[in-house]
Amino acid sequence: MRLIGMLDSPYVRRVAISLQLLGLRFEHQSLSVFRAFTQFQQINPVVNAPTLICDDGEVLMDSTLIMEYAEAVARPRSLMPSELQELQHALRVIGLALAACEKSVQIIYERGLRPPEKLHEPWVTRVTSQLLAAYGALEEEVGRRPLAVTSSSINQAGVCAAVAWHFTQQMLPEVVPTASYPALVAFSAKAETLPEFMSAPHGDTTYRHDR
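Residues numbered from 1 in each chain as written. Predicted model: local features only at pLDDT ≥ 70, side-chain atom pairs only at ≥ 80, totals over all residues. Heavy atoms only, no water.

1. As for the packing of aromatic side chains
Keep this limit in mind: Here the aromatic set is Phe, Tyr and Trp, taking the six-membered ring for Trp, and pairing holds for ring centres within 6.5 Å; pairs whose planes are under 30 degrees apart are stacked, those over 60 apart are edge-to-face, and all others are tilted. Counting from the N terminus, the helices are DSSP H or I runs at least four residues long and the strands are E runs at least two residues long. The buried label applies to any residue whose accessible area, calculated with a 1.4 Å probe on protein chains only, is under 20% of its type's maximum; exposed applies above 50%, and partly exposed to all values in between.
Applying the stated criterion across every chain, the model contains 5 aromatic pairs. Plain terms: the ring middles of Tyr 135 and Tyr 181 are 6.3 Å apart, the flat faces sit at 65 degrees to each other, and that makes the pair edge-to-face. Taken together, the residues span a long stretch of sequence, with Tyr 135 in helix α5 (residues 121-144) and Tyr 181 in the loop between α6 (156-171) and α7 (182-191) at a distance of 46 residues. Residue class for Tyr 181 comes out buried when judged on its relative accessible area of 8%. Relative to Tyr 181, the ring of Trp 165 lies with its centre 5.4 Å away and its plane at 55 degrees, an arrangement referred to as tilted. Of this pair, Trp 165 sits in helix α6 while Tyr 181 sits in the loop between α6 and α7, and the two are 16 residues apart along the sequence. Like Trp 165, the residue Tyr 181 is buried in the burial classification. Members of the aromatic cluster, connected to one another through ring pairs, are Tyr 135, Trp 165 and Tyr 181.

Interpretation in functional terms is not warranted from these geometric data alone.
Following this line, the structure appears as structure tokens:
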């Protein structure tokens, strides 16, 4: 398998970390959807990160759909709980984390891609309130039911929560102050020390399976 996309994307990083935890070997090609648009387009005309090229050459996209495929390949190994109530809770945490990623990206794009005179502050205010609501609920969940944080015990909820939090803190630290989210701060700090996270650090680096 070959994973296409930069690790400064929380969605690409989520997949890179999860594939390791599932014991699936893969190659990583760090391509920017902006700076390498034409090259990316030759691989996936939609230019969507993450993109996964399967062993038979078929191209998949969207981190959640890629993870559904990866889970099937890795079976019986899984990052999703099998017990219904645990699965329900994991899906809640994953949903909150992915919402936080989405709203963070929207703010980043609004600030970075739109000309200053075109910036629509009511939209930014609305998206920021959604971002803070997602992290407020995520903080409550992590504080109430701590997530496992070892290579052998972390699940997809933990991966998503840690990756989302680290991404927002790298890109929008002034929007989501750490003092208000002690449970997420502590959890993320532990997760970032795991070898699977360290092998796929946020940024423009390339994952190396032999790290």
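That was the structure; now back to the text.
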